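For reference, the chains in residue letters:
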Amino acid sequence: MILRYSVILTFFFFIVFSGCNQKSQTKKNTIHLSIISQVRSLDPRVSNEYPSVHMINMLYDGLTRLDSKGDIVPGVAKAWDISSDQKTYTFYLRDSHWTNGELVTAYDFEYAWKKSVTPEYAKNGAFTFYSIKNVEACLSGNVPIEQVGIRALDKDTLEVELEHPAPYFLSLCACSTYSPINKNVDINHPEWPNSINQHFVCNGPFILKEWKKNSELCFEKNPLYWDEKTISIAGINIQILPDTHTQFLLFEQNELDWVGYPFNPMPVDIIASTKINGMLKVIDAYGLYWFFVNTEKPPFNNKNFRRAIALAINRDLIAKHIFQLGEKPALGILNSKLAVTDKPYFQDGDILRAKQHLKEALSEMGTTIEEICPIVLSQRSCLFTKRINQAIQQQLAQNLGLIVEIDQVDWPVHFNRMSRGDYAMGEMGWNSWLNDPIYMLDTFRCKSFLTYMSQWEHEEYKRLLNLSDHETIPQKRREILRQAEAFLMEEMPVIPVCFNKLHYLSNPKLKNVYISPLKEIDFRYAYFD
């Protein structure tokens, strides 16, 4: 039986992996990866979701980039000046080229960024530009795109004016949404990023050689990349394999060089298996598993009810028995180097206080447990999240007498429902894009933000974040952000559960791959030993 399965798996591998290999079988130094779902688009203005972000970072180079240690270094910009008030950045571009041979210019950056924040075109990634002057006003339709603070002074010089000082702005410039777009190509061939074609152009360390939507993506080293000498590997082959157990088996057969995060979660049973003890690599992530609650619909429009749910959950049990990799209970939304305090904002599993909040909530709403139940908990189709939510379902029944029904749908449906506000309580994993607390806290600043799902907004919270925006002394800014997080945890428009960790297995011969708590991964410095 084992032999038969091995033969079937080998045949499966030959069929699935033949596309890229037939064209690159003579090449060595190729990294083999896998993802569980197809890439929707390779347009950096559109695809800010995982795993598309990782593909985009292979293809494009922004003004700044990360080095092999995760520090911000010059990218297409060889240098920059920052004004004395820290609100104006002037970038000076080096000579670099698109894959069609054209120069990458400041006009390409201006065009790409402004199109990203044009109201009729803006996608979810538009939120990353909010620190730039008039972006929010433009997205709201209050000012024209010409008044947004992005301006090419000439082909080699880009000037960016911010709404307020942003000590993290150079890090933002390394995000995939800040990538340039070839202006001429996009105007004349607007469908260029959705398939492999003669007009598909990029400026990053790798070029796209093959793209079969439901099967594979093949990348090769870009000979026109400005820092081409840094790239040691010949290419990257990425297969779409929905079954993560199959991914692991292929890794065991040395057919894949990486399994796990930041590309895909690994199966719970494999993580727990003693077979990989000592091989599994685990790092902290700047993110967590939490529940958005729809504060515009009862019973979650009542603060006491939200707090009752939050305090009734025993996160420590969930961390130890379901997460199992040393994850910590989330008693706030900021962890590790992003944390602004080392003190919890509430007590984990505080059942007595949870019952008191529930009693007050029912009195304020003039209702009963029977009338508000069942509480519908929305989730994506995923075994791991199902286990977490079933545990919380049992805890809320046992600790508060609440009946919770779990509504499971595929990820795209789940995400769309949450984005539309068509839910009561919904699970979501959330990870920071920045090595700064503001990204996570900013999620709750305004209802109008495209990534906000709780529909909660509060003037005091906005006041604190606005105050932090203009504070240039780090210690004072940190204290303001602590006050903002404390206020958020008092209002509880989101219920934190556990902070995440990133777990993965990699080929021991594959060296110098940069992976960060921000779920970033960079192969431009990688090599095989």
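Turning our eyes to something else, we now look at the side chain of Asn399. Checked against the element boundaries, Asn399 lands in helix α13 (residues 383–400). Polar side-chain contacts of Asn399 include one of 2.9 Å to the backbone oxygen of Ala312.

The subject of this paragraph is the nonpolar core. Within the largest apolar cluster, 146 residues are counted, with the highest numbers of intra-cluster contacts made by Phe91, Trp113, Ile132, Phe169 and Phe523. Filtering out sequence-adjacent residues up to four positions away, Ile132 remains in contact with Trp113, Val148, Gly149, Ile150, Val160, Glu161, Leu162, Glu163, Phe169 and Tyr178. Membership of the second largest hydrophobic core comes to 12 residues, among which are Phe248, Leu250, Ile270 and Leu280.

A word on helix α10 (residues 315–323). Structural remark: α-helix, 3.6 residues per turn; residues separated by three or four positions point the same way. All buried positions along α10 are accounted for by Arg315, Ile318, Ala319, Ile322 and Phe323. Buried residues in α10, looked at end-on, bunch into an arc of 110°, giving them a common side. Seen from the open side of α10, the exposed residues pointing more than 90 degrees away from its buried face are Lys320 and His321. In this structure, the buried side of α10 is in contact with β12 (281–293), α9 (303–312), α13 and β16 (494–506). Capping of α10 at its N-terminal end is provided by Asn314; its side-chain oxygen lies 3.3 Å from the backbone amide nitrogen of Asp316.

Which parts of space are left empty comes out when a probe the size of a water molecule is rolled across the atoms. In the structure shown here, the tally under the stated rule is 1 cavity of 30 Å³ or more. One number sums up the size of the largest cavity: a volume of about 40 Å³. As for the largest cavity, its lining consists of His164, Pro165, Pro167, Tyr168, Ser468, Asp469, Glu471 and Arg477. Broken down by class, the residue content of the lining of the largest cavity amounts to 3 nonpolar, 2 polar and 3 charged.

Moving on, we get to helix α2 (residues 52–59). The buried fraction of α2 is high, at 7 of 8 residues. Every buried residue of α2 is accounted for by Ser52, Val53, His54, Met55, Ile56, Met58 and Leu59. If you follow the buried residues of α2, they end up packed against β1 (30–35), β8 (206–212), β9 (216–221), β10 (235–240) and β19 (521–522).

Pairing within the open sheet is antiparallel, and its 4 strands lie in the order β4-β5-β7-β6. For this open sheet the edge positions go to β4 (77–82) and β6 (150–154), each flanked by a neighbour on one side alone. This sheet shows a mean twist of 20° between the axes of neighbouring strands, independent of strand direction. Across 5 bridges, the pairing between β4 and strand β5 (residues 88–93) is antiparallel. The partner of Ala77 across the bridge, within β5, is Leu93. Lying over the sheet, helix α3 (residues 106–116) contacts β5, β6 and β7 (157–161), oriented at roughly 165° with respect to β6.

Here a ring pair, both rings aromatic, is described through the centre-centre distance and the interplanar angle of the planes. Evaluation of the coordinates by the stated rule reveals 28 aromatic pairs. Above the ring of Trp226, the side-chain terminus of Arg94 is found at 3.8 Å from the ring centroid. The aromatic ring of Tyr121 is capped on one face by Lys115, whose charged end is 4.7 Å from the ring centroid.

Moving on: the packing of helix α16 (residues 459–469) against helix α17 (residues 474–491). Where α16 meets α17, the axes come as close as 9 Å, and the angle between the chain directions of the two elements is 165°. Looking at the two axes, α16 sits roughly antiparallel to α17. With respect to the hand of their crossing, α16 and α17 are arranged in left-handed fashion. Across from Glu460, Tyr461, Leu464, Leu465, Leu467 and Ser468 in α16, the residues of α17 making contact are Arg477, Ile480, Leu481, Gln483, Ala484, Phe487 and Leu488. Classifying every residue of the contact of α16 with α17 by side-chain character gives 9 nonpolar, 2 polar and 2 charged.

Here is what the cut-offs are and how they apply
- Residues numbered from 1 in each chain as written.
- Predicted model: local features only at pLDDT ≥ 70, side-chain atom pairs only at ≥ 80, totals over all residues.
- Heavy atoms only, no water.
- Helix = DSSP H or I, 4+ residues; strand = E, 2+ residues; numbered from the N terminus.
- Polar contact = N/O pair within 3.5 Å; in protein donor to acceptor, adjacent residues only side chain to side chain.
- Core = buried A, V, L, I, M, F, W, Y, C linked by side-chain atoms within 4.5 Å.
- Buried < 20%, exposed > 50% of the residue type's maximum accessible area, 1.4 Å probe, protein only.
- Contact = heavy atoms within 4.5 Å.
- Arc of directions from axis to C-beta.
- 1 Å grid on protein atoms, 1.4 Å probe; cavity = no way out; pocket = protein on both sides within 12 Å on 5 of 7 lines; lining within 4 Å.
- Points joined across faces, edges and corners; volume = space filled by probe spheres on them.
- Nonpolar A, V, L, I, M, F, W, Y, C, P; charged D, E, K, R; others polar.
- Pairing = 2+ DSSP bridges.
- Axes fitted to C-alpha atoms, helices over the stretch in contact; angles between N-to-C directions.
- Phe/Tyr/Trp six-rings, centres within 6.5 Å; stacked < 30°, edge-to-face > 60°.
- Lys NZ or Arg CZ within 6 Å of the ring centre and 35° of its normal.
- Parallel < 35°, antiparallel > 145°, perpendicular 65-115°, else oblique.
- Left-handed = near helix turned anticlockwise from the far one by under 90°.

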